[in-house]
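# Report on the structure
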Amino acid sequence: LLAGCCYGSNFLPSTWIQKHTKGASQDGLDYVFNQFCGILLTSTVYLATYCCIKRNRRFVNKQIFLPAVLSGMMWGIAQSCWFVANATLGYSAAFPIVLIGPGFIGSLWSIFFFKDIYGRRNYLLLAGYFCLAAAACTCIVLSRKTDDDLS
């Protein structure tokens, strides 16, 4: 439920403009800059609030600065790709596909790097999940009606 609310508030402004404003661009990438400006403004307000609460004696761990910047850059690329996926596949198809990807990548990290997932039974369960998720995504994409189907 929370994921759906966050998703809705994340893409609702650009979707509303695309559907209700005459002559609005239908390319999702045209709305990325506006979204990122809003995120920058909001995070700046959060930082300023934190500095006020701490009376400008803030704690910044220097060791996490570079990883934080790199993860922000990766998130920005992923968010831009999500706009493209929404424009190409539609929201009902892009949402489940985009949500399955990070779980897949995280599971691979857990198997090969952190070694959290081990044992034949767990590998088989994970493989079953991946097959089920891939089948679900395939069914979602294939069930979409294209403009050619409608005419």
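Scroll up a little and you will see the structure.
The following refers to the structure shown.

Moving on, we get to the overall build of the protein. Assigned secondary structure in the protein consists of six helices and zero strands. In the protein, the succession of helices and strands from N to C terminus is α-α-α-α-α-α. Looking at the protein residue by residue over its 151 residues, the buried ones come to 18%. For the protein, contacts bridging at least 24 residues in sequence account for 58% of all contacts bridging at least 6. Surface exposure of the protein reaches about 11,700 Å², of which carbon and sulfur atoms provide 70%. Positive and negative side-chain charges of the protein, numbering 12 and 6 respectively, have mean locations separated by a distance of 22 Å.

With that settled, consider the state of the cysteines. Enumeration according to the criterion identifies zero disulfides in this entry. Between Cys52, a cysteine without a disulfide, and Cys51, which holds the nearest cysteine sulfur, the sulfur-to-sulfur distance is 7.1 Å. Looking at the unpaired Cys137, the closest cysteine sulfur is the one in Cys139, lying at 9.4 Å.

One pass over the full model with this rule turns up ten aromatic pairs. Judged by centre distance (6.3 Å) and plane angle (35 degrees), the ring pair of Trp109 and Phe114 falls under tilted. Each residue in the set Phe11, Trp82, Phe83, Tyr91 and Phe95 is aromatic and connected to the rest through ring pairs, giving one cluster.

So, on to a nonpolar patch on the surface. Among the surface-exposed residues, Phe65, Leu66, Val69, Leu70 and Met73 lie close enough to one another that they form a single nonpolar patch of about 500 Å² accessible area. Structurally, Val69 is set in helix α3 (residues 65-89).

So, on to α3. Taking 1.5 Å per residue, 25 residues should reach 36 Å; α3 reaches 35 Å between its end C-alpha atoms and fits that length. Along its buried surface, α3 packs onto α1 (2-20), α2 (32-53) and α4 (91-112). Where α3 ends, the next residue or the one after it, Gly90, has phi of about 95 degrees, a positive value.

Definitions and cut-offs
Residues numbered from 1 in each chain as written. Predicted model: local features only at pLDDT ≥ 70, side-chain atom pairs only at ≥ 80, totals over all residues. Heavy atoms only, no water. Helix = DSSP H or I, 4+ residues; strand = E, 2+ residues; numbered from the N terminus. Buried < 20%, exposed > 50% of the residue type's maximum accessible area, 1.4 Å probe, protein only. Contact = heavy atoms within 4.5 Å. Areas by Shrake-Rupley, 256 points an atom, 1.4 Å probe, with all protein chains shown as cover. Lys, Arg positive; Asp, Glu negative; His and termini not counted. Charge placed at Lys NZ, Arg CZ, Asp CG, Glu CD. Disulfide = S-S within 2.5 Å. Phe/Tyr/Trp six-rings, centres within 6.5 Å; stacked < 30°, edge-to-face > 60°. Patch = residues over 30% accessible without salt bridge, like charges linked within 9 Å, V, L, I, M, F, W, Y side chains within 5 Å. Salt bridge = Lys/Arg side-chain N within 4 Å of Asp/Glu carboxyl O. Expected span 1.5 Å × (residues − 1).

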